[in-house]
Amino acid sequence: SIKDYHKSSSSFFNREMQQRRDREKYIASRMKKALESGEFLVYYQPRVDIRTGEYISLEALARWQPPGEALIMPGEFIPLFEQNGFISELDMYVFEQVCREIQGWMRSGRKVYPVAVNLSRIHIREKHFLEHLESVCRKYGVPVDYIELELTESAFLDDPEVIMESAVKIKEKGFVLSMDDFGTGFSSLSMLKDIPVDIIKLDQSFFQKKMTEREKIIISYVIQMTRELQIEVVSEGIETEEHEQFLKEIGCDIAQGYLYARPAPLAVHEAKLWK
Ligand code: C2E
Ligand code: MG
Ligand code: MG
Ligand code: MG
């Protein structure tokens with residue numbers, strides 16, 4: 001009967017909810033030890049100059065590998081860490097690993113690639129976050145302008161004043177500033193007017209399997225505008241030759257996506273980074 005149906009679907013719902021809560025509790029109970037014991041990994045995804053196919057920089061992306069279990073993706077742990085505040089520690093850990101890596105390249109005389117690190121909206125509200133980042137750079141002898149800090153566009157929406165202030169300070173200190181997931185918020189354009197970003201990352205949602213004419217028009221105008229503002233554009237989520245062809249048509253030279261390389265441990269990219 002319909003009553004049984006409601007009963008069973010609601011118990012199904014409850015079971016799902018319960019499983020989610022259990023999973024979140026499990027993650028929260030393990031995160032600190034996991035960080036200490038090196039279960040968090042830094043994967044890297046190259047950005048490519050589509051005219052030459054060369055890698056020009058890298059983005060650092062966190063992964064969690066509990067021993068003997070499946071790899072856990074940021075989509076599962078980042079929202080949780082943003083709720084319980086652990087995100088700042090994770091961000092700092094990733095940042096430090098990146099600096100250590102760059103120090104290694106410098107010491108061995110290899111070509112040094114700029115690396116982009118994602119910073120959570122929660123993290124950049126902390127009073128001294130920039131001083132902490134700077135001191136890690138100093139510890140490893142890494143010039144701050146080798147590091148790009150990615151803030152998601154939506155972070156500018158929840159707290160425009162605070163984030164704006166952070167953005168200005170990031171630039172003053174000499175880090176490269178980029179706006180991630182550009183085009184997903186509502187005030188993208190008005191923000192460009194006020195925030196001194198160096199790079200915008202066009203969100204991957206623009207590059208669906210089949211792009212509509214309207215999307216193409218919007219993107220080509222964004223590219224034209226940013227060129228005049230001297231802002232660099234990176235297109236994210238490039239998966240097909242058609243996407244690439246379109247980028248060539250509108251003159252967007254820098255892309256990131258599965259078509260070129262997936263996020264992976266640095267060793268996977270080494271042969272191509274240092275030929
Ligand atoms: P994001 O910074 O926008 O990173 C791009 C995401 O798109 C990555 O997902 C990447 O693996 C994925 N991606 C790259 N190329 C393609 C493609 O061609 N197709 C598709 N479908 N996806 C592609 P990932 O690694 O799962 O990270 C998800 C988000 O988690 C990131 O989005 C970033 O916002 C956040 N995140 C990752 N690591 C960190 C971190 O260390 N700290 C903070 N605060 N956030 C992080
Ligand atoms: Mg990013
Ligand atoms: Mg993005
Ligand atoms: Mg994203």
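Residues numbered from 1 in each chain as written. Chains lettered and ligands numbered in written order. Predicted model: local features only at pLDDT ≥ 70, side-chain atom pairs only at ≥ 80, totals over all residues. Heavy atoms only, no water.

A. Structural detail: the packing of aromatic side chains. Across all of its chains, the model carries 10 aromatic pairs by this definition. Each residue in the set F40, W64, F77, F81 and F86 is aromatic and connected to the rest through ring pairs, giving one cluster. Residue placement shows R110 over the ring face of W274; its charged tip is 4.4 Å from the ring centre. Its guanidinium or amino end placed over the ring of Y258, R262 lies 3.8 Å from that ring's centre, counting from NZ or CZ. (Phe/Tyr/Trp six-rings, centres within 6.5 Å; stacked < 30°, edge-to-face > 60°. Lys NZ or Arg CZ within 6 Å of the ring centre and 35° of its normal.)

B. Local environment of the site of ligand 1. Inspection of the region around ligand 1 gives 25 residues, with R63, D91, D180, E239 and Y258 positioned closest. Taking N118, its side chain carries an N or O atom lying 2.9 Å from an oxygen atom of ligand 1. Q204 has a polar side-chain atom sitting 3.0 Å from an oxygen atom of ligand 1. When contributions to the shell around ligand 1 are tallied by element, the ones reaching two or more residues are β2 (54-64), α2 (74-84), α3 (87-107) and β5 (176-182). With 4 residues, β2 is the single largest residue contributor to the shell around ligand 1. (Near = heavy atom within 4 Å. Polar contact = N/O pair within 3.5 Å; in protein donor to acceptor, adjacent residues only side chain to side chain. Helix = DSSP H or I, 4+ residues; strand = E, 2+ residues; numbered from the N terminus.)

C. Quick peek at the nonpolar core. Counting residues in hydrophobic clusters, the biggest one holds 76 residues, and the most contacted among them are F81, F95, V98 and I147. Among the elements that take part in this core, α3 stands out by supplying 9 residues, more than any other. Excluding residues within four positions of it along the chain, F81 makes contact with I27, M31, F40, W64, F86, I87 and L90. (Core = buried A, V, L, I, M, F, W, Y, C linked by side-chain atoms within 4.5 Å. Buried < 20%, exposed > 50% of the residue type's maximum accessible area, 1.4 Å probe, protein only. Contact = heavy atoms within 4.5 Å.)

D. The arrangement of the pairing of β5 in detail. The buried count for β5 comes to 5 of 7 residues, which makes it a mostly enclosed element. As paired strands, strand β4 (residues 147-152) and β5 are joined by 5 bridges and run parallel to one another. Opposite T152, over in β5, you have D180 as the bridge partner. Note that β5 and strand β6 (residues 199-202) share 3 bridges and pair parallel. Following the sheet pairing, S178 is matched in β6 by I199. (Pairing = 2+ DSSP bridges.)

E. Structural context of the environment of R23. Among the structural elements, R23 can be located in helix α1 (residues 2-36). Residue R23 is classed as partly exposed on the basis of its relative accessible area, which comes to 29%. Each C-alpha atom of the pair R23 and L266 lies 29 Å from the other, and the pair is 243 residues apart in sequence. Engagement of the side chain of R23 in a polar contact is seen with the side chain of E76, the distance being 2.6 Å.

F. Spatial organisation of the pattern of salt bridges. Applying the stated criterion to the full structure yields 17 salt bridges. Notably, a salt bridge pairs R47 with E150, separated by 2.9 Å at the nearest N-O pair. Here R47 is found in strand β1 (residues 40-49), whereas its partner E150 is found in strand β4, with 103 residues between them in sequence. E150 matches R47 in its accessibility class, with the two residues each being buried. For E150, the salt bridge is made with K201, and the minimal N-O distance between the two is 2.8 Å. In this pair, E150 sits in strand β4 while K201 sits in strand β6, placing the two residues 51 residues apart along the sequence. With respect to class, E150 is no different from K201; both count as buried. Members of the salt-bridge network, linked through shared partners, are R47, E59, E148, E150, K201 and E236. (Salt bridge = Lys/Arg side-chain N within 4 Å of Asp/Glu carboxyl O.)

Shape descriptors only; they carry no functional weight alone.
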